[in-house]
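What follows is the residue order along each chain.
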Amino acid sequence: MRIAVVGAGIGGLALAAGLQRRGADVFVLESSPTLRSGGTAITLAPNALRALESLGYGDALAEHPFAVRTDVAAQRSPSGRTLTLLPSEVLARTRVMLREELHLMLAAGVTSGRIRLGCRVESVTTAGTVRFTDGNGVARTWAFDLVVGADGAHSAVRRAWPNDPGLQDAGYAAWRAITREPVDLTGPDGIHAAGETWGNGARFGFAPLADGRAYWFAVETDALLKARCEERDAPSADLLQRLDALFSGWHAPIPQLIAATDPADMHFSPVQELARDLPTFSQGRLVLVGDAAHAMTPNLAQGGAQSLEDAATLAICLDHLLTEPPGLVSTDRLRRALDRYDTLRLPRLREITRLSRNLGTIAHLRMPGAAALRNFALRRLPDSRIAEPIRRIADWRPPPPTCR
Ligand SMILES: Cc1cc2nc3c(=O)[nH]c(=O)nc-3n(C[C@H](O)[C@H](O)[C@H](O)COP(=O)(O)OP(=O)(O)OC[C@H]3O[C@@H](n4cnc5c(N)ncnc54)[C@H](O)[C@@H]3O)c2cc1C
């Protein structure tokens, strides 16, 4: 089976590797002239790691150096008081990785020469044709048995969907960075923790990296920030001042993390999500994975994990068709495989997208009284109320193979 994967992001690369290992003839078409470099870090929850193992990355993960474990992962108040703890068994199987290293690891799993850089896909048809401009600026049209849109939140493939909902602002913007030097992550309580701190309309999260440096993010609701969200990536002097002003009084190690970061290494962007859930992830010979299918808010740190779950699930749903000669996979047989993919993915993604959005609404409460009340309530909630959905999401397993 001849398959085009549009986009060499997390979902596209992982899927391409998984499909190739199962015998498919795969091309990855990526608009950027280089594979992703730079960027910050990403949290890989246990479900993301299981998806990677299912796609054949088990050995690469085992060889990768990850940070030594933190004692706990907690939600705290700006003064450093613990509000809730994340389930310890989920924390024990969660890893944080530099995005650049993740991309290199994923790309190393794809047969060389099959990732075509500088190829911008302009349009696709449900019959499986792809019109793209190659690295030399030449317009080309190629035909495939299946075209996978793994081209992120602004997906060109999704434009072939009737009523593509497009993106909407979530109402907050995020700074993200890696510190230049190692930082001690011990909090005011003496506990070496990772996690998030929730204030009034603002929050801050951090996690350790293998070399002692730390990954952190700061998120804020302010309308002024939203208005400035056009300035993506490097934050302006105003935005740096605002970051300092917002978090200078917060518990250790938050001000220390900001101070240990070179502003040139910071990324700043508005948080966006798909404006409406798609009713289906597939039509004709087209299928979507990752942010192209379900761009979500990052509040559960699950966008990348869900791209990987999509990739693992799609590879399994297509498995019995992948070694068929190009041109011989009927639309009926393909439809059955893609229907199974929809059935397995749509309900789970609706739930996770909604949970993530709701978590953002609660995290970004803006009136001082309301935020204090929220933190008070969080401290009193039974652990199970917080832990249960996190466990359920983390507990994902790849589906069984399709019966031939
Ligand atoms: C602040 C923030 C923090 C996050 N933290 C986490 C986290 O800790 N854990 C987690 O799991 N997720 C996290 N996420 C979400 C995660 O980053 C995304 O869900 C994930 O990167 C999506 O991967 P993808 O492969 O679907 O798309 P992308 O990574 O966006 O890749 C799409 C690729 O397609 C290419 N492309 C685009 N258009 C075209 C075209 N027309 N033709 C050819 N190629 C094209 C792009 O160049 C790109 O390489 C976070 C997101 C944000 C915003």
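Residues numbered from 1 in each chain as written. Predicted model: local features only at pLDDT ≥ 70, side-chain atom pairs only at ≥ 80, totals over all residues.

**Quick look at the overall build of the protein chain**
For the record, the criterion: Strands are runs of DSSP state E lasting at least two residues, helices are runs of H or I lasting at least four, and both sets are numbered from the N terminus onward. Just to be clear, the radius of gyration here is over C-alpha atoms, and the globule rule we use is 2.2 Å times residues to the power 0.38. Note on burial: count the other C-beta atoms lying within 10 Å of the residue's C-beta; 20 or more is buried, 12 or fewer is exposed, in between is partly exposed, and C-beta positions come from the backbone.
Counting secondary structure elements, the protein chain contains 13 helices and 18 strands. Computed over C-alpha atoms, the radius of gyration of the protein chain comes to 21 Å, within 12% of the 22 Å expected from 2.2 N^0.38 for 404 residues, which places it in the range of a compact globule. C-alpha atoms of the protein chain, sized along the principal axes, occupy 65 × 45 × 40 Å. Split into buried and exposed, the 404 residues of the protein chain put 46% on the buried side.

**Quick word on the packing of helix α1 (residues 10–21) against helix α10 (residues 303–318)**
Heads up, the condition is: Whenever a helix is involved, its axis is fitted only over the stretch in contact; in every case the axis is a line through C-alpha atoms, and angles between N-to-C directions fall within 0 to 180 degrees. The labels follow the angle: roughly parallel below 35 degrees, roughly antiparallel above 145, roughly perpendicular from 65 to 115, and oblique for the rest. Crossing chirality is assigned from the near helix's rotation relative to the far helix, an anticlockwise turn below a right angle marking it left-handed and a clockwise turn marking it right-handed. Residue pairs are scored as contacts if the distance between their C-beta atoms, which are placed from the backbone, is within 7 Å. In this classification, Asp, Glu, Lys and Arg are treated as charged, Ala, Val, Leu, Ile, Met, Phe, Trp, Tyr, Cys and Pro as nonpolar, and every other residue, Gly included, as polar.
At a minimum axis distance of 9 Å, the contact between α1 and α10 shows a crossing angle of 25°. By the criterion of interaxial angle, the relationship of α1 to α10 is roughly parallel. In this structure, α1 meets α10 at a crossing whose hand is right-handed. In this structure, α1 contributes I10, G11, A14, L15, G18 and L19 to the contact, and α10 contributes G304, S307, L308, D310, A311, A312, L314 and A315. Broken down by class, the residue content of the contact of α1 with α10 amounts to nine nonpolar, four polar and one charged.

**With respect to helix α2 (residues 46–54)**
Across the nine residues of α2, seven count as buried, placing the element largely inside the fold. Contacts made by the buried residues of α2 are with α1, β3 (41–44), α3 (58–63), α4 (88–92), α10 and α13 (383–394). One or two steps after α2, the chain reaches G56, where phi turns positive at roughly 100°.

**Notes on the nonpolar core**
Basically, it comes down to this: Only buried residues count toward a nonpolar core: Ala, Val, Leu, Ile, Met, Phe, Trp, Tyr and Cys, linked into one set through C-beta atoms within 7 Å.
Formed by 113 residues in total, the largest nonpolar core has its most connected members in I3, V5, A14, L15, V147, V148 and A311. Per-element accounting of this core gives the leading share, nine residues, to α10.

**Overview of the pairing of strand β11 (residues 146–149)**
The cut-off we apply is this: A pair of strands is treated as paired once DSSP finds two or more bridges between them.
Because side chains alternate across β11, one face comprises the buried residues L146 and V148, and the other comprises V147 and G149, equally buried. Bridge analysis of strand β1 (residues 2–6) against β11 gives four bridges, and the strand direction is parallel. Its bridge partner being in β11, A4 is matched across the sheet by V147. By the bridge criterion, three bridges tie β11 to strand β18 (residues 286–288) in an arrangement that is parallel. In the sheet register, G149 faces β18, and the bridge partner there is L288.

**As for the site of the ligand**
The cut-off we apply is this: To decide whether a residue is near a molecule or strand, its C-beta atom is placed from the backbone and checked for lying within 6 Å of it.
Residues in close proximity to the ligand total 34 residues, the closest being G7, G9, G152, G290 and G303. Contributing elements (two or more residues each) for the shell around the ligand: α1, β3, β8 (120–124), β12 (167–178), α9 (291–294) and α10.

**Details of the sheet that holds strand β10 (residues 139–143)**
Here three strands make up an open sheet; going across it, the order is β8-β9-β10 and the pairing antiparallel. In this open sheet, the two strands that pair with only one neighbour each are β8 and β10. The sheet shows a mean angle of 30° between the axes of neighbouring strands, direction not considered. Taken together, the five bridges between strand β9 (residues 129–133) and β10 define a ladder with antiparallel strand orientation. For R131, the partnering residue across the bridge sits in β10 and is T141.

**Quick notes on the pairing of strand β4 (residues 72–76)**
In terms of burial, β4 is largely enclosed, as four of its five residues are buried. Pairing between β4 and strand β13 (residues 193–198): five bridges, direction parallel. By the bridge assignment, Q75 is partnered in β13 with E196. Between β4 and the antiparallel strand that follows it, strand β5 (residues 82–85), lie five residues; G80 among them carries a positive phi value of about 105°.

Note that every value here comes from positions in space, so none of it alone points to a role or purpose.
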